[in-house]
Amino acid sequence: MTIDLETAVAEGRCGGRLWLYATYHCNLACSYCLTESHPGIRHRRHVPSETMIDLAGEARELGFDSLGVTGGEVFMLPDAAETLVELGSILPTVALTNGTLFTDRLLARLEPLAGLEVALQISLDSPDPVRNDTLRGPENFAKVEEAVPKLVDRGIAVRIATTVDDQTEEELADLCELHRSWGITDADHVVRGIVRRGRAELEGMGVEPGPADILPELTITADGAFLHAFAPTVRNGATDVDLLVSRQVRPLAAAARRFLAVVANQPVGTDASATFT
């Protein structure tokens, strides 16, 4: 069975976003990290900025409707701000970040994002600093609390992402009050469970996803093309390849063909049917 991207998206077999794993390097070591990213990681595999920009142009030509940039920590790359400006001029973009590296100098370099369809999705798991930092890393809460208002004041779109472990309803309600106080609406608060892959699997955390729990979205890394953004996980230093679609990522059309051949056999559904997004 063959299928084109527009039809696959319309039928709910996959999403129209192309994900780019910018780097596996990170300044934190979250307890549930999919990729075992941490400050001392030996293999900091990254996709060069010029490659990401080229892939974005190819993605637009192929009919992808948006981009996602993730890692690792995107802003560990020295030219991340300028790369996001370029990407956002090609397609609407969301960049995932832990929000801890926003110096005044970096904030100034990010100001052009205010005129583009680019959102920074910042992770925050609890309104309690100690609880949050236990999950994510030292001083994470304080740095996010400082950075978000500065980004909002500059007109840069911000989303908050919360990964749920065993937080209480009251804790999540307090977190919502916090992000609302920063001017972040409930529509821009993403809440999802821990996916039991990568470090989370080794730590016995989260839920093992079923075959229909994660919406396929073509994901490009330094190791190849994967079925979705939760697929290129790392355990004990080795990349999981159970959800590898293709080692070939350029031209993007080749990886997209392999991806579409896989999702053609996926059940017809909708984005709402996916548990982890």
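Parameters at a glance
Residues numbered from 1 in each chain as written. Predicted model: local features only at pLDDT ≥ 70, side-chain atom pairs only at ≥ 80, totals over all residues. Heavy atoms only, no water. pLDDT = per-residue confidence, 0-100. Helix = DSSP H or I, 4+ residues; strand = E, 2+ residues; numbered from the N terminus. Contact = heavy atoms within 4.5 Å. 1 Å grid on protein atoms, 1.4 Å probe; cavity = no way out; pocket = protein on both sides within 12 Å on 5 of 7 lines; lining within 4 Å. Points joined across faces, edges and corners; volume = space filled by probe spheres on them. Nonpolar A, V, L, I, M, F, W, Y, C, P; charged D, E, K, R; others polar. Pairing = 2+ DSSP bridges. Axes fitted to C-alpha atoms, helices over the stretch in contact; angles between N-to-C directions.

Our focus in this paragraph is the confidence of the model for the chain. Of the residues in the chain, 93% reach a pLDDT of 70 or more, and the chain-wide mean stands at 89. When mean pLDDT is taken per element in the chain, helix α3 (residues 80-88) scores highest with 98 and helix α8 (residues 199-202) scores lowest with 76. Here residues 270-277 scores under 50 on pLDDT; set against residues more than four positions off or in separate chains, the count is 20 contacts.

According to the stated counting rule, one finds one cavity of 30 Å³ or more in the structure shown. The computed volume of the largest cavity comes to approximately 40 Å³. Looking at the largest cavity, the residues that line it are Ala22, Met52, Val69, Val74, Leu77, Asp79, Ala80, Thr83 and Leu84. When residues in the lining of the largest cavity are grouped by element, the largest group, three residues, is from α3. Residues that form the lining of the largest cavity fall into these classes: seven nonpolar, one polar and one charged.

With mixed pairing, the nine strands of this open sheet are ordered in space as β6-β5-β4-β3-β2-β1-β7-β8-β11. With one partner strand each, in any of the chains shown, β6 (189-193) and β11 (244-246) form the two edges of the open sheet. Across the sheet, the axes of successive neighbouring strands diverge by a mean angle of 25°, strand direction being ignored. Pairing between strand β3 (residues 93-97) and strand β4 (residues 118-123): five bridges, direction parallel. When the bridges of β4 are listed, Leu96 appears paired with Gln121. Where helix α2 (residues 49-62) meets the sheet, its contacts fall on β1 (17-21), β2 (66-70) and β7 (219-221), and the angle it forms with β1 comes to roughly 170°.

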